[in-house]
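Okay, here's what each chain looks like letter by letter:
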Amino acid sequence: MEKAYMLISCEIGEEQSLSTQLKKIPEVKNCLITYGSYDVVAEFVTDTPSQMNEIISAKIRKLPKIRSTITLRVTN
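An account of the accompanying structure is given in this report.

Criteria and thresholds
Residues numbered from 1 in each chain as written. Predicted model: local features only at pLDDT ≥ 70, side-chain atom pairs only at ≥ 80, totals over all residues. Heavy atoms only, no water. Helix = DSSP H or I, 4+ residues; strand = E, 2+ residues; numbered from the N terminus. Rg over C-alpha atoms; globule rule 2.2 N^0.38 Å. Buried < 20%, exposed > 50% of the residue type's maximum accessible area, 1.4 Å probe, protein only. Contact = heavy atoms within 4.5 Å. Areas by Shrake-Rupley, 256 points an atom, 1.4 Å probe, with all protein chains shown as cover. Lys, Arg positive; Asp, Glu negative; His and termini not counted. Charge placed at Lys NZ, Arg CZ, Asp CG, Glu CD. Patch = residues over 30% accessible without salt bridge, like charges linked within 9 Å, V, L, I, M, F, W, Y side chains within 5 Å. Salt bridge = Lys/Arg side-chain N within 4 Å of Asp/Glu carboxyl O. Pairing = 2+ DSSP bridges. Polar contact = N/O pair within 3.5 Å; in protein donor to acceptor, adjacent residues only side chain to side chain.

What follows is about the overall build of the protein. A tally of regular secondary structure across the protein gives two helices and four strands. When the helices and strands of the protein are read in sequence order from the N terminus, they spell out β-α-β-β-α-β. Relative to a compact globule of 76 residues, whose C-alpha radius of gyration would be 11 Å, the protein shows 12 Å and is just as compact. On the principal axes, the C-alpha backbone points of the protein span a range of 35 × 20 × 20 Å. Residues counted as buried form 36% of the 76 residues belonging to the protein. Taking the intrachain contacts of the protein between residues at least 6 apart in sequence as the baseline, contacts between residues at least 24 apart amount to 66%. Within the structure as shown, the protein displays about 4800 Å² of accessible surface, and the carbon and sulfur contribution to it stands at 50%. Both charge centroids of the protein, one from 10 positive and one from 9 negative side chains, sit 2 Å from each other.

Written as structure tokens, this is what we have:
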């Protein structure tokens, strides 16, 4: 199992819309709107590292209105 958290900055006022879009992705287990340097924090889980890479690059980072992301991959 692969787990990661993504810190996301989005365009002003798009936090709720982005959160709604992220929650539609099955691998996203939790999504929080935050105040501060980042607007949204998403937690997601995949079975393999290659699935994790696909989620990050093809599903999440290509969503409209995202300005920047930082991904924190969890290790045990």
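There's plenty left to go through after this.
A cluster of nonpolar side chains, Y5, I70, L72 and V74, forms an exposed patch at the surface whose accessible area comes to about 290 Å². Relative to the helices and strands, Y5 resides in strand β1 (residues 2-10).

Most of strand β3 (residues 40-46) sits out of view: seven of its seven residues are buried. The pairing of β1 with β3 spans seven bridges and is classified as antiparallel. Within β3, the position partnered with I8 by the bridge is V40. Pairing geometry for strand β2 (residues 28-33) and β3, over five bridges, is antiparallel. Bridge pairing in β3 links C31 to A42. Counting the residues between successive antiparallel strands, the hairpin from β2 to β3 contains six residues, one of them, G36, with a positive phi of roughly 130°.

We now examine the side chain of T46. Position of T46 among the secondary structure elements: in strand β3. On the basis of relative accessibility, which here comes to 4%, the residue T46 falls in the buried class. Side-chain polar atoms of T46 contact the backbone oxygen of T48, separated by 3.0 Å.

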